Every structure is written in C-alpha cells, then in structure tokens.
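What follows is the residue order along each chain.
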Amino acid sequence: MNSKKKKTYKTSENLSGYLLIAPNLLGFLVFTLFGIVFSFYMAFTNWNLMKGIEKAELVGLKNFTDMIGDKYLRACLINNAKLLLVVPVTLFLAAVLATLMNRAIYGKAGARALYFLPYVTNMVAVATVWQALFHKQKGPINMLLLTLGIAEEQLPGWLSSSKWALLAVAIVLLWKDIGYDILMYSGALQNIPKELYEAADLDGAGPIRKFFSITLPQLQPTTFLLTILGIISSLQMWSFVQIITNGGPGTATYTLGLYIYRSSFISYRTGYACALAWLLCAIVMIFTVIRWRVENRWSAE
C-alpha cells in the first residue's frame, strides 16, 4: 500500500470513528458542556426563572457575597457535614460484611442480592416505607423500642423531631448505600493474593489482625473510589430528603442539593441557585483533592 492510499485509509478510519462517537459527543456538548458554561455565566446574574433569560442582569459577585449571611445555607452545610459521617461508617461495615461473605458460606450470592436491592429500589417507595417505619406512635421501630422497655415519653420522634430527623435520614442512607459498597468490595477481594493470608497464618495472625493488616490496606483503591462517590452522592442528595421530610422539621434536614432545587424552582432565584451549584462543585473538588493526596501519600509510604 503506497503512502497516498495509506493516508486515505487512515482518514476514512478516523472519520468512521468520529461518526460512531458523534451522537454521544453531541449529547455531551448540548446537555453537559453547554449547561456548565451557561450556569457559570448565570451565577453572576439575578436571573429569575419566571421572568425569562432576557430579564437577567449581571450583578457581579452579589450571589456569592449573599451566601455569607444566608442562614439556610449555613444549616445546609452543617447538615451535609453531619451526613458525610455516614460515608466512613458505611464503608467499614461494607468491608466487614463483604469479607464475611467472601468465605465459603451457604447462600452468600442471595445475601449479596438482598443487600444490593435497596440501592436499585425506587426512591419514592423507599421514602414511603421508611416514613411508616419511623412513625412516632404506630411505627414498627418505636413499637420495638417499647417492647425493649423504653418509656413511651422517651421514644424518638424521628422524622417529626428536629433532634432525630437527621439521624433517621442517615440511617436510611446507610441502609440504601451499603449494598453497592459490598458489591464493589466483593469484587476487589477476589484480587487480593491468597499468599498474603497464608503467610499471615504461618505467623499466627487471627482473623481480626488479617482484616486490618491485609484486607483493608489491599482494598484502598476501591475505598478511594467509594469514598469519592459517597461524598458526591451525600452532597448532591435532595430528592430523597424532599420526599421524606421536605427539609424539615424547620431546617433540620435541609441539604445543599435541596436548597439549590428550592432556590431555583420554588423561590425562582435561579441565578443564586447557579451560584450555589458552583459552591457545591467547589466543595466536591476540595474533598476529591484531599482524598487524592491522602491516597498518594499512603501509596508512597
């Protein structure tokens, strides 16, 4: 094949490749890249969704300076910080359960499926069921606490109490996400060399020592991925909170994702909502960079 034919063939091959990815690339440009650029520009305007884009005026950094004294934003950040504590708890429990189910036990495939089921269950159905479970007077959870000897006046108010509502949301998040983490850890456990455990057996190490000295360190790459995904999911969460508590009582379960939604589609402060979205993006990037640096430092050591 001469150079001219070779060049024509290569051009034709490249064109075919671009045509194959064109639909996905077009979707990315229209629905993702355009949205990012558009929201960044609108974050510096006083855009009101009901008045249309043509009424939007540039206001500089006003949307960002308004965040400083925003009591709702402060409540959102505090609640999101508390909900982030669910991530390490979920990861640890998932690692323990995945390790136990990695052994030759009867019915472990079915157990994994049951754990994973909440992750793919419809969110509206999940919220409705947990609302019933957390009912103060007739909910099964409080009924169980009554049988255990807890006085009726000391029963948690759960979703109707500003003291207990966020904990109730955290419990549901742990229940929902642990199945996905178990599935990921189960796959990662298959790549740990068995020679490490055999050497530990020769040294007389017990199951707990092997878990903390071999299993957890070998799962670090998966833990890094699940940590980032868990943080992003926790910070962006709004639909579940909207369904189960609508951010209440008061601002007890207000999250940043819910506040962005309400600012844009309830209060129609769409420019401010865009600014809040970029704040969320910055927070996610900060957590990602910190976790990445910790991971690199741990790997280097």
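Residues numbered from 1 in each chain as written. Predicted model: local features only at pLDDT ≥ 70, side-chain atom pairs only at ≥ 80, totals over all residues. Heavy atoms only, no water.

Draft legend 1. Geometry of a nonpolar patch on the surface. On the surface, Tyr-18, Leu-20, Ile-21, Leu-25, Leu-26, Phe-28, Leu-29, Val-30, Phe-31, Leu-33, Ile-36 and Val-37 cluster together into a nonpolar patch covering about 1,200 Å² of accessible area. The class for Leu-25 is partly exposed, based on a relative accessible area of 42%. (Patch = residues over 30% accessible without salt bridge, like charges linked within 9 Å, V, L, I, M, F, W, Y side chains within 5 Å. Areas by Shrake-Rupley, 256 points an atom, 1.4 Å probe, with all protein chains shown as cover. Salt bridge = Lys/Arg side-chain N within 4 Å of Asp/Glu carboxyl O. Buried < 20%, exposed > 50% of the residue type's maximum accessible area, 1.4 Å probe, protein only.)

Draft legend 2. Just the packing of aromatic side chains, in detail. All chains considered together, the criterion is met by 21 aromatic pairs. Judged by centre distance (5.9 Å) and plane angle (50°), the rings of Tyr-254 and Tyr-259 are tilted. Ring geometry for Tyr-259 against Tyr-272: centres 6.4 Å apart, planes inclined by 80°, an arrangement best described as edge-to-face. With Tyr-259 in helix α13 (residues 256–265) and Tyr-272 in helix α14 (residues 270–300), this pair connects stretches of sequence that are 13 residues apart. (Phe/Tyr/Trp six-rings, centres within 6.5 Å; stacked < 30°, edge-to-face > 60°. Helix = DSSP H or I, 4+ residues; strand = E, 2+ residues; numbered from the N terminus.)

Draft legend 3. Region of the structure containing the environment of Leu-196. Mapped onto the elements, Leu-196 comes out in helix α9 (residues 194–202). The spacing of Leu-196 and Thr-215 is 19 residues in sequence and 9.4 Å in space, taken between C-alpha atoms. Setting aside residues up to four positions removed in sequence, Leu-196 forms contacts with Ile-214 and Gln-218. (Contact = heavy atoms within 4.5 Å.)

Draft legend 4. Inspection of the pattern of salt bridges at higher detail. Within this structure, the stated rule accounts for three salt bridges. The shortest N-O distance in the salt bridge between Lys-62 and Asp-66 comes to 2.9 Å. With Lys-62 and Asp-66 both in helix α2 (residues 62–66), this residue pair falls four residues apart, about one helical turn. Residue Lys-62 is classed as partly exposed on the basis of its relative accessible area of 45%. With its nearest N and O atoms 2.9 Å apart, the salt bridge here joins Lys-176 to Asp-177. On the basis of relative accessible area, Lys-176 is assigned to the buried category, the value being 12%.

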